[in-house]
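# Survey of secondary and tertiary structure
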Amino acid sequence: MQLTRHTDYALRVLIHLAVSPTGRATISEIADSYSLSRNHLMKVVHHLGQGRFITTQRGRGGGFILARPPEAIMLGEVIRHTETDMNLADCGGCALRPACGLSGILKAATAAFLSVLDQHSLADAARDKAGLAALIAALPGPASLASDACAKPASNAALHQD
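Scope of this entry: the structure provided in the associated data block. (Residues numbered from 1 in each chain as written. Predicted model: local features only at pLDDT ≥ 70, side-chain atom pairs only at ≥ 80, totals over all residues. Heavy atoms only, no water.)

## Observations regarding the pattern of salt bridges
Formally: What makes a salt bridge here is a side-chain nitrogen of Lys or Arg within 4 Å of a carboxyl oxygen of Asp or Glu, nothing more. Relative accessibility thresholds used throughout: buried, under 20% of the residue-type maximum; exposed, over 50%; partly exposed, between the two (1.4 Å probe, protein chains only). Helix and strand definitions here come from DSSP, where helices need a minimum of 4 consecutive H or I residues and strands a minimum of 2 consecutive E residues; each element is numbered from the N-terminal end.
What the rule picks out here adds up to four salt bridges. R68 is paired through a salt bridge with E77; the nearest N and O atoms lie 3.2 Å apart. Overall, R68 belongs to the partly exposed group, its relative accessible area being 23%. A relative accessible area of 31% means that E77 is categorised as partly exposed. Note that R80 and D118 form a salt bridge whose closest N and O atoms lie 2.7 Å from each other. Of this pair, R80 sits in helix α4 (residues 75–82) while D118 sits in helix α5 (residues 102–118); the two residues are 38 residues apart in sequence, bridging distant segments of the chain. Taking the relative accessible area as the measure of exposure, R80 reaches 41% and is therefore partly exposed. Its relative accessible area of 33% is what places D118 among the partly exposed residues.

## Points about unusual backbone geometry
One non-glycine residue, R52, lies in positive phi territory at about 60 degrees. One can find R52 in the loop between α3 (38–50) and β3 (54–57).

## As for the packing of helix α1 (residues 5–19) against α3
Definition in use: Axes here refer to lines fitted to C-alpha atoms; in helices the fit is confined to the stretch in contact. Angles between the N-to-C directions go from 0 to 180 degrees. Each angle is binned into one of four classes, with values under 35 degrees roughly parallel, values over 145 roughly antiparallel, values of 65 to 115 roughly perpendicular, and all other values oblique. In this scheme the handedness of a crossing depends on how the near helix is turned from the far one: anticlockwise by less than a right angle means left-handed, clockwise means right-handed. In this description, contact between two residues means that some pair of their heavy atoms is separated by no more than 4.5 Å. Residue type decides the class: Asp, Glu, Lys and Arg count as charged, Ala, Val, Leu, Ile, Met, Phe, Trp, Tyr, Cys and Pro as nonpolar, and the leftover types, Gly among them, as polar.
Two numbers describe how α1 lies on α3: the axes approach to 10 Å, and their chain directions differ by 70 degrees. On the basis of the axis angle, α1 is roughly perpendicular to α3. The way α1 lies across α3 gives a crossing that is right-handed. Packed against α1, whose contacting residues are H6, Y9, A10, V13 and L14, the element α3 presents H40, L41, K43, V44, V45, H47 and L48 at the interface. Of the residues contributing to the contact of α1 with α3, the split by class is eight nonpolar, three polar and one charged.

## Regarding the environment of I73
As for its placement among the helices and strands, I73 is situated in the loop between β4 (63–66) and α4. Sequence spacing of I73 and D124 is 51 residues, and the spatial spacing of their C-alpha atoms is 9.9 Å. Those residues in contact with I73 that lie beyond four places of it in its chain are F53, L66, R68, V78, H120, S121 and L122.

## Examining the pairing of β3
Heads up, the condition is: Strands are labelled as partners when DSSP assigns at least two bridges between them.
Both β3 and β4 contribute to a ladder of four bridges, which runs antiparallel. Among the inter-strand pairings, T55 is bridged to a residue of β4, identified as I65. Hairpin connection of β3 to β4: five residues between the antiparallel strands, including G59 at a positive phi of 90 degrees.

## Considerations on the packing of α1 against α4
Two elements in contact, α1 and α4, have axes whose closest approach is 9 Å; the angle formed by their N-to-C orientations is 140 degrees. Classified by the angle their axes make, α1 and α4 are oblique. For the pair α1 and α4, the crossing hand works out as right-handed. Contact residues: α1 offers H6, T7, A10, L11 and L14, while α4 offers L75, V78, I79 and T82. Along the lines of polarity and charge, the residues of the contact of α1 with α4 split into six nonpolar, three polar and no charged.

In structure tokens, the structure reads:
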């Protein structure tokens, strides 16, 4: 299963908020921290707001905060909201589909994947606040949760472009 960059960025935003001392962040802060496109990040933040994961405030002193406690945001819920296509393979036009059992097996695998994510909250993902704070402090740019390896999502084999 490969997650899109959109989902990767959404998870980064949520983790950032979960460990932020103020609980607040801005597009600029996170974009600079991760070396992300502000335009792309604005879409991600907007989508997270639509999903009621965050609350946004425009204008001076604006930014965004978690809409619920991290314990109440389940990772499976986030993934379902951010991933538009959870199909592991496109079996729709396959000539073997009428007699092939692969489609059902892949659906079961996706369900198992989401079931595991449904057992874990944002709080679980951000449980090592001290470790994350140390990473934030060590970064050259504004506060961030990404290490140098994490800051380059295109090199992450588990991700693909939207």
